[in-house]
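Observations on the three-dimensional arrangement
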Amino acid sequence: MPTAVAKDNAFATTQQQAESPLTLNGVLTQGALVRGQVPVDANVTLNEKPVPVNAAGKFVIGFEREAPLNHKLSVTLSSGEVFVREITLKKRDYDIQRIDGLEQKMVTPPAEVTARIKQDNINVAKARGGNSNLDALFTRFEWPAKGPITGVYGSQRILNGVPKWPHYGVDVGAPTGTPVYAPVDGVVTLADDLYYSGNTLILDHGMRVFSTFLHLDTITVNVGDAVNQGDQIGTIGSTGRSTGPHLDWRINLGKVRLDPQTVVSGTPDEG
């Protein structure tokens, strides 16, 4: 069985080898969402694990915050021919942020809200658990709100002196009531008030890719609604565990938490 092997440049944004059946689009770095295209009926694996491919030959892969730097992507054509792409990711350094002055119950929640937090986590996992046939994520993403970036993906937060989980979104600072828009087409799978993230909205963009919008003041859509890119879906607020009005936008590929800035260009304060 013939095998073709190529090695990627970690800084390229579009990867396509001559005579290769594989095209990749994305920044090859830790925390990145990468979109791909192969011939119809081809099979794809990443590090020997199957990658879902839709009927048009499109697929999505993602690399966690601390993902290993070396990976192997394999494409098997219907003819049996195998192409292998070696991927070397760029290693990232992450910021450390200290946030003081939070109510202690939001840093270490009281026992009486434990059940609520557990149910919130179940509801979020269910909202991100689908694998729909939508492929809106292959459209160019737009920033969902205007304003300066006030927090970045991967940063480690120390709340009232206590180290917490890394931040898995990008924060856009803006006054309460600032409109929030769908960055690309999607279907609403969750619209609820959660303990930590306040008014929270999740959009399914298809192929296990979801956007989550946290700390909203208002949510202007309902579960099951189909929204188009640019439709207003809510307004910026400071609900949940928040020290001021901002939008915390997150991207998930299933359970893998990725950097929204790897799917959108420019900055949200442009224009």
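Note that the structure is a prediction, hence the values are computed from the model and not measured.

1. Structural notes on the packing of aromatic side chains
Counted under the stated rule, the structure contains 4 aromatic pairs. Of the aromatic side chains, those joined through ring pairs into one cluster are Y94, Y153 and Y168. Sitting over the ring of Y94, R65 keeps its end group 4.3 Å from the ring centre. Here R257 stacks its cationic end above the ring of Y168, 4.1 Å away from the centre of that ring.

2. Comments concerning the pairing of strand β21 (residues 246-253)
The buried fraction of β21 amounts to 8 of the 8 residues, a majority that puts the element mostly inside the structure. Here β21 shows two buried faces, one formed by H246, D248, R250 and N252 and the other by L247, W249, I251 and L253. The pairing of strand β18 (residues 209-219) with β21 spans 6 bridges and is classified as antiparallel. By the bridge assignment for β21, L214 is matched with D248. In sequence, β21 turns back onto strand β22 (residues 256-258) through a hairpin of 2 residues, with G254 there showing a positive phi of about 60 degrees.

3. Re helix α2 (residues 114-127)
For α2, built from 14 residues, the straight-helix expectation of 20 Å at 1.5 Å per residue is met to within 8% by its first-to-last C-alpha distance of 20 Å. Contacts made by the buried residues of α2 are with β16 (186-194), β17 (198-206) and β18.

4. Structural notes on unusual backbone geometry
Phi is positive for D41, close to 80 degrees, though the residue is something other than glycine. For D41, the position within the fold is in the loop between β4 (33-37) and β5 (43-46). On the basis of relative accessible area, D41 is assigned to the exposed category, the value being 62%. Of note in the backbone geometry, M207 takes a positive phi value of approximately 55 degrees without being a glycine. Tracing the backbone shows M207 in the loop between β17 and β18.

5. A closer look at the nonpolar core
Core analysis: the largest hydrophobic core is formed by 31 residues, its most contacted members being F141, F213, I233, L247 and W249. Of all the secondary-structure elements, those providing two or more residues to this core are β14 (169-173), β17, β18, β20 (232-236) and β21. Top contributing element to this core by residue count: β21, with 4 residues. With sequence-adjacent residues up to four places away left out, F141 is seen in contact with R35, P183, V184, H205, S211, Q229, W249, I251, V263 and V264.

6. Observations regarding the pattern of salt bridges
Side chains carrying opposite charge are able to pair once their charged atoms draw close together. Taken as a whole, this structure holds 7 salt bridges when the rule is applied. A salt bridge links R65 to E66; the nearest nitrogen and oxygen atoms lie 3.3 Å apart. A relative accessible area of 48% means that E66 is categorised as partly exposed. Between D248 and R250 there is a salt bridge, with its nearest N and O atoms 3.0 Å apart.

The rules behind these values
- Residues numbered from 1 in each chain as written.
- Predicted model: local features only at pLDDT ≥ 70, side-chain atom pairs only at ≥ 80, totals over all residues.
- Heavy atoms only, no water.
- Phe/Tyr/Trp six-rings, centres within 6.5 Å; stacked < 30°, edge-to-face > 60°.
- Lys NZ or Arg CZ within 6 Å of the ring centre and 35° of its normal.
- Buried < 20%, exposed > 50% of the residue type's maximum accessible area, 1.4 Å probe, protein only.
- Helix = DSSP H or I, 4+ residues; strand = E, 2+ residues; numbered from the N terminus.
- Pairing = 2+ DSSP bridges.
- Expected span 1.5 Å × (residues − 1).
- Contact = heavy atoms within 4.5 Å.
- Core = buried A, V, L, I, M, F, W, Y, C linked by side-chain atoms within 4.5 Å.
- Salt bridge = Lys/Arg side-chain N within 4 Å of Asp/Glu carboxyl O.

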